[in-house]
Amino acid sequence: MQFKNYQDIRLSTLGMGNMRLPTVNPADPKAAIDYPAAHQIIDSAYENGINYFDTAYTYSGGESERCLGACMTKHPRDSFYLASKYFIGANPDYKAVFEEQLQRLQTDRIDFYLIHCLLDNNIDSYLCSGAIEYFLEQKRLGRIRYLGFSSHASLETLTRFADHHAWDFAQLQINYYDWLYGTAKQEYAILAERNIPIMVMEPVRGGRLAALTPEAEAPLKAAHPDWSIASWSLRFVRTLPAVHVILSGMSSMDQLQDNLKTFDGDALTEEETALLFKSCEMFRHQVQVPCTSCRYCCEGCPAEINIPEYLNLYNAYKVDGRGALRGAEKIESVGKPADCVGCGACTGHCPQNIDTPSVMAELADLLK
């Protein structure tokens, strides 16, 4: 296990995220955590040198904190660091939440405490609620050791929040896909310019980057046959100097063992990073339809479907998974994908030769 200095302590570069702990029924997203299986993973992570354990008030309906807290009571308290979070959208009573978290985690302090999930629509609630001032007071009292925040906000909102006061750290979603096609690179720069240490979430983009298309994977496997595809994601994030801890939500012993192997090895070289970026470009082109929103397809559509918007939704689904389909509710369109009659009028006008009827049929099935 590799470590990095953080203020006056040393943190394992690999941290364990506890949002995706194994459950008693993997087919049921609301199933209870399988405590024995989860404790086996957490204990093995600890025994192999991981000393940063991340959870949140909202994970698994609060059971993540309880499960982690129960497991860590068997280990010396000064040998590991707990990270948890306060989300104002779950409960505005930040004082009650913090006390409950201490009870759930069976501890008298939380080492890394975060304002959870900063968004454009909640920044003012956080800034005006008194929560930040309260948590700063808890830090002064020793009940919080370091205070930070996690962000899914725009660059403008992130900048505004980062400048609120001298934060101890912040947590960002960083992976090579978002680095190339999202705003991760700019977000990283905002924090790095302010010397705010970074903890990374979603380095494998919720598992989406654990398996690419066969064509995109081929050059990576040729370069390093013994590396998993997921390990390339983790090795990329390790190249960023402002990053201190990279979180992985491990839900199986196999995932833990692969991650431990990855963090015993090296980060990517410049040549390997360039190879990964080429594979990422290939992957993106292969999983997405190349719509340019020219809208030529809309003119003759008998169902009056807003085709470009639904193609954008389809692209988001192919990269982000089923959660992206919630965006269908915001699309303004007379017709829906289910209304497509497969006449082919759209394909005859498409400069990109997109098989739109096939995409509409797939979306119609997904949106049932």
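Just so you know, the residues in each chain are numbered from 1, in the order the chain's sequence is written. The predicted nature of this model means local features are confined to residues of pLDDT at least 70 and side-chain atom pairs, given and counted, to a pLDDT of 80 or more, with totals for whole chains, interfaces and linings taken over all residues. With hydrogens and water excluded, all non-hydrogen atoms of the structure serve as input to the side-chain values.

**Focus on the overall build of the protein chain**
Reasoning step 1: Looking only at helices and strands, the protein chain features 15 helices and ten strands.
Reasoning step 2: For the radius of gyration, the atom set is restricted to C-alpha positions; the globular benchmark scales as 2.2 Å times the number of residues to the power 0.38. Relative to the compact-globule value of 21 Å for 368 residues, the protein chain shows a C-alpha radius of gyration of 22 Å, a close match.
Reasoning step 3: Dimensions of the protein chain, computed from C-alpha atoms along their principal axes, come out at roughly 70 × 50 × 45 Å.
Reasoning step 4: When accessible area is computed with a 1.4 Å probe and restricted to protein chains, residues below 20% of their type maximum are described as buried, those above 50% as exposed, and intermediate ones as partly exposed. Relative to its 368 residues, the protein chain shows a buried fraction of 52%.
Reasoning step 5: Working rule for contacts: check all heavy atoms of both residues, and any pair within 4.5 Å makes them a contact. Across the protein chain, every contact between residues at least 6 apart in sequence was considered, and the portion connecting residues at least 24 apart equals 75%.
Reasoning step 6: For every accessible area listed, the method is Shrake-Rupley and the probe measures 1.4 Å; residues are considered covered only by the protein chains on display. Split by element, the accessible area of the protein chain, about 16,500 Å² in all, is 50% carbon and sulfur.
Reasoning step 7: Residues scored as charged are limited to Lys and Arg (positive) and Asp and Glu (negative), so that His and the chain ends carry no count. One atom stands in for each charge, and that atom is NZ of Lys, CZ of Arg, CG of Asp or CD of Glu. Each charge sign in the protein chain was given a centre, from 33 positive and 46 negative side chains, and these centres are 2 Å apart. What counts as a helix is a DSSP run of H or I of at least four residues, what counts as a strand is a run of E of at least two, and both are numbered from the N terminus.

**Things to note about the sheet that holds strand 8 (residues 169–173)**
Reasoning step 1: If you trace the eight strands once around the closed barrel, you get 3-4-5-6-7-8-9-10, paired in parallel fashion. Here the average twist between neighbouring strands, direction ignored, is 30°.
Reasoning step 2: For two strands to count as paired, DSSP must find a minimum of two bridges between them. Pairing geometry for strand 9 (residues 198–201) and strand 10 (residues 243–248), over three bridges, is parallel. Bridging across to strand 10, Ile-198 finds its partner in Val-243. The axes used here are C-alpha line fits, helices contributing only the stretch in contact, and every angle between their N-to-C directions lies in the interval 0 to 180 degrees.

**Quick notes on helix 9 (residues 214–223)**
Each α-helix winds once per 3.6 residues, and so residues spaced three or four apart point in a common direction.
Reasoning step 1: Of the residues making up helix 9, those classed as buried are Ala-216, Glu-217 and Leu-220. Each buried residue of helix 9 sits inside an arc of 90° when the element is viewed along its axis, so together they form one side. Exposed residues pointing more than 90 degrees away from the buried face of helix 9 are listed as Pro-214 and Ala-222.
Reasoning step 2: Here the buried face of helix 9 lies against helix 10 (229–237) and helix 12 (270–287). What the arc covers is the set of directions going from the helix axis to the C-beta atoms.

**As for the pairing of strand 3 (residues 14–17)**
Reasoning step 1: Burial of the side chains of strand 3 extends over both faces: Leu-14 and Met-16 are buried on one face and Gly-15 and Gly-17 on the other.
Reasoning step 2: Taken together, the three bridges between strand 3 and strand 10 define a ladder with parallel strand orientation. Residue pairing for strand 10: Gly-15 is matched across the bridge by Leu-247.
Reasoning step 3: Of the strand pairs in this sheet, strand 3 and strand 4 (residues 52–54) are connected by two bridges, and their pairing is parallel. Across the sheet, Met-16 pairs through a bridge with Phe-53, a residue of strand 4.

**What about the packing of aromatic side chains?**
Reasoning step 1: Planes of paired rings set the category: under 30 degrees apart is stacked, over 60 is edge-to-face and the rest tilted, where pairs are Phe, Tyr or Trp rings (Trp by its six-membered ring) whose centres lie within 6.5 Å. For the structure shown, the criterion picks out 25 aromatic pairs.
Reasoning step 2: Judged by centre distance (5.1 Å) and plane angle (55°), the rings of Tyr-52 and Phe-112 are tilted. Of this pair, Tyr-52 sits in strand 4 while Phe-112 sits in strand 6 (residues 110–118); the two residues are 60 residues apart in sequence, bridging distant segments of the chain.
Reasoning step 3: Here Tyr-52 falls in the buried class, since its relative accessible area comes to 0%.

**Some details on the packing of helix 9 against helix 12**
Reasoning step 1: Where helix 9 meets helix 12, the axes come as close as 7 Å, and the angle between the chain directions of the two elements is 160°. The angle between helix 9 and helix 12 falls in the class roughly antiparallel. The interaxial crossing formed by helix 9 with helix 12 has left-handed handedness. Counted together, Glu-215, Ala-216, Pro-219, Leu-220 and Ala-223 of helix 9 and Leu-275, Leu-276, Ser-279, Met-282, Phe-283 and Gln-286 of helix 12 form the full contact between these two elements.
Reasoning step 2: Among the residues making up the contact of helix 9 with helix 12, the classes are represented as eight nonpolar, two polar and one charged. Just so you know how the angles are binned, under 35 degrees is roughly parallel, over 145 roughly antiparallel, 65 to 115 roughly perpendicular, and the rest oblique. A crossing counts as left-handed when the near helix is turned anticlockwise from the far one by less than a right angle, and as right-handed when that turn is clockwise. Throughout this entry, Asp, Glu, Lys and Arg are counted as charged residues, while Ala, Val, Leu, Ile, Met, Phe, Trp, Tyr, Cys and Pro are counted as nonpolar. The remaining residues, Gly among them, count as polar.

**Side note on the side chain of Asn-18**
Reasoning step 1: Here Asn-18 lies in the loop between strand 3 and helix 1 (35–47).
Reasoning step 2: For Asn-18, a relative accessible area of 0% translates into the label buried.
Reasoning step 3: In terms of polar contacts, Asn-18 uses its side chain to reach the backbone carbonyl oxygen of Met-16, at 3.2 Å.
Reasoning step 4: Setting aside chain neighbours within four positions, we find Asn-18 in contact with Ile-42, Phe-53, Asp-54, Thr-55, Tyr-59, Ser-64 and Leu-68. N or O atoms within 3.5 Å of each other form a polar contact, as long as, within protein, one can give a hydrogen and the other can take it, and as long as residues adjacent in sequence are counted only when both atoms are side-chain atoms.

**Let's talk about the nonpolar core**
Reasoning step 1: What is meant by a nonpolar core is a set of buried Ala, Val, Leu, Ile, Met, Phe, Trp, Tyr and Cys residues, joined one to another through side-chain atoms within 4.5 Å. Counting residues in hydrophobic clusters, the biggest one holds 82 residues, and the most contacted among them are Phe-53, Phe-135, Phe-149 and Leu-191.
Reasoning step 2: The biggest single contributor to this core is helix 10, with six residues.
Reasoning step 3: Those residues within four positions of Leu-191 in sequence are excluded, and the remaining contacts are Phe-149, Leu-158, Ala-162, Ala-170, Leu-172, Ile-196 and Ile-198.
Reasoning step 4: Residues Cys-301, Ala-303, Tyr-317 and Ile-331 belong to the second largest nonpolar core, which totals 22 residues.

**Some remarks on the pattern of salt bridges**
Reasoning step 1: A side-chain nitrogen of Lys or Arg and a carboxyl oxygen of Asp or Glu constitute a salt bridge if their distance falls within 4 Å. In total, this model carries 21 salt bridges according to the counting rule given.
Reasoning step 2: Arg-77 is the partner of Asp-111 in a salt bridge, and the nearest nitrogen-oxygen pair spans 3.0 Å. Separated by 34 residues along the polypeptide, Asp-111 in strand 6 and Arg-77 in the loop between helix 2 (63–72) and strand 5 (81–86) bring together distant segments of the chain.
Reasoning step 3: Arg-194 is paired through a salt bridge with Asp-163; the nearest N and O atoms lie 2.6 Å apart. Placement of the pair is Arg-194 in the loop between helix 8 (184–193) and strand 9 and Asp-163 in the loop between helix 6 (155–162) and strand 8, with a sequence separation of 31 residues.

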